[in-house]
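# Understanding the architecture of this molecule
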Amino acid sequence: MAWADRRGVLAALMGLGLLAASGALLAFSADKPVSEARGARVVDPIPPAPPLTQSRDPRSGFVHPGVLVNSAQLNFVSGKVRASEEPWRSAWLAMQRSQYAELSWRPRPVSTVNCGYYSQPDTGCTAEAEDAVAAYTHALMWCFTRDRRYAEKAIDILDAWSGVVKKHTNSNAPLQAGWAGATFARTAELIKHTYTGWDPASLARTERMLRKVYLPVVLGGTDGIRAGNWGLIMLDAAVGISVFLDDRASFLKAIEKWRMRLRAYVYLRGDGAMPYAPPGDALTKSQLTDYWGGQTLLVDGLAQETCRDFLHTGWGLAAAAHVAETAWIQGRDLYAEARERLTSALEFHSGLESGGSVPPWLCGGQLVTGLAPSPEVAFNHYGTRMKLDLPNTRRVVEADRPAGPPAYFYAWETLTHAGDPN
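Description of the structure in this document. Everything quoted here is computed from the prediction, not taken from an experiment.

Moving on, we come to the pattern of salt bridges. The full count for this structure, using the stated rule, is 16 salt bridges. Among the salt bridges present, the one from Glu325 reaches Arg385, with a minimum N-O distance of 2.7 Å. Of this pair, Glu325 sits in helix H11 (residues 310–329) while Arg385 sits in helix H14 (residues 376–385), placing them 60 residues apart in sequence. Owing to a relative accessible area of 0%, Glu325 belongs among the buried residues under this scheme. Residue Arg401 pairs with Glu376 through a salt bridge whose shortest N-O separation is 2.8 Å. Taken together, the positions of Arg401 in the loop between helix H15 (391–400) and helix H16 (413–417) and Glu376 in helix H14 put the pair 25 residues apart, joining distant regions of the chain. Look at the salt bridges and you will find they share partners, linking Arg108, Glu130 and Asp131 into a network.

So, in structure tokens, the structure goes:
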């Protein structure tokens, strides 16, 4: 389904109260003419620059930059954009024309981010999520243009939050910390390891923020009966923060939690007659069926949130892929461990997303499609690196390029991961 159609699905879901109120504010301006994108500064083609290099921390052994993207991937993209190749050039133009790339962006930190279900109330929830996306966008803009103003703006946003935020409260606190923590960690990782102008005191403040405000929440987990995308998004943040902090113990803990959470999110016949229960929960058969949306006939690739809607299912699958991608950069092949589970889920949902008929036994014959975000990251690994044939997933990914608007914990993944063999 094209992203224009997805936005319609998203709006409908929000009207029904199924999404956070903040989703409406995570707007995307790439489809506006350049003259209408506030403060847009078109850099096309991007200027030549020395390739980014990687380093390895001698204590933790982590490669840097190494949270979701590494230097080889960014260098690959730079070459594609300079050569005006697609889909990278269109994705590049979409990013730089978006409101999140505006140098006039002003962060809006609060000390206590108070988020109820669906971000009601919304005290800093939308501001934090949007500021995190803007910070990451500016970090990418810096990596591609080497214009110091973008690096400084990313630092400005991190500085604003690291000097103010103390905690997340209310029912959505764990998920909110996962959304922002994942994106802030990617930003901080890129700036720390590609830009030499970050003041040490400012850097230390960001490190303290991620270590004290975010990591304990996202690594601590939440009660297992919450929707499975929550746990996977929180682990996306935990893995990224751990790499940024060179905290190998937290990294390994997060990976083990990911293994347990993923198998409780995507079903395979080898799991038995019933899905795995969420980690830490002992559910009755009836409770487990309810947790899976009342679905009693189980097939390979079915997800815990399939019968809820494809949007939240897409969140869970994307977060799972983010963890695997960061681990891949760090030399751990979680993709191989999860190959059957993830590829089955991708093909199952992509087939239905692209127009496959809904069997009457599946979710009562009624599905709310609108898979988001586009599964670029997972597809790049399995389709490009491993050369697996995933026709349904390919169809959805290619129809969506450049991938739709950034939100919550994902941004610009066609630009960073399409067709990249690294």
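Geometry of an aromatic ring pair is reported as the spacing of the ring centres plus the angle between the planes. Summed over the entire model, instances satisfying the criterion amount to 15 aromatic pairs. When the ring of Phe76 is compared with that of Trp88, the centres are 5.8 Å apart and the planes differ by 85°; the resulting orientation is edge-to-face. In this pair, Phe76 sits in helix H2 (residues 71–82) while Trp88 sits in helix H3 (residues 88–97), placing the two residues twelve residues apart along the sequence. According to the relative accessible area criterion, Phe76 is buried, its value standing at 18%. Ring centres of Phe409 and Tyr410 lie 5.2 Å apart, and the angle between their planes is 90°; this geometry places the pair in the edge-to-face category. Judged by its relative accessible area of 0%, Phe409 is buried. By way of ring pairs, the aromatic residues Trp179, Trp315, Tyr408, Phe409 and Tyr410 are connected into one cluster. One cation-aromatic arrangement involves Lys192 over Phe244; the distance from NZ or CZ to the ring centre is 5.2 Å. Across the ring face of Tyr276, the terminal group of Arg263 is positioned such that the distance to the ring centre comes to 3.8 Å.

This brings us to the state of the cysteines. Applying the stated criterion across every chain yields a total of two disulfides. The disulfide partner of Cys307 is Cys363, and the S-S distance across this bridge is 2.0 Å. Disulfide Cys307-Cys363: torsion about the S-S bond near -80°, hence left-handed. Taken together, the residues Cys307 in the loop between helix H10 (285–291) and H11 and Cys363 in the loop between helix H13 (339–353) and H14 connect sequence positions 56 residues apart. The connectivity of the disulfide-linked cysteines in the protein chain, indexed sequentially, is 1-2, 3-4.

The rules behind these values
Residues numbered from 1 in each chain as written. Predicted model: local features only at pLDDT ≥ 70, side-chain atom pairs only at ≥ 80, totals over all residues. Heavy atoms only, no water. Salt bridge = Lys/Arg side-chain N within 4 Å of Asp/Glu carboxyl O. Helix = DSSP H or I, 4+ residues; strand = E, 2+ residues; numbered from the N terminus. Buried < 20%, exposed > 50% of the residue type's maximum accessible area, 1.4 Å probe, protein only. Phe/Tyr/Trp six-rings, centres within 6.5 Å; stacked < 30°, edge-to-face > 60°. Lys NZ or Arg CZ within 6 Å of the ring centre and 35° of its normal. Disulfide = S-S within 2.5 Å.

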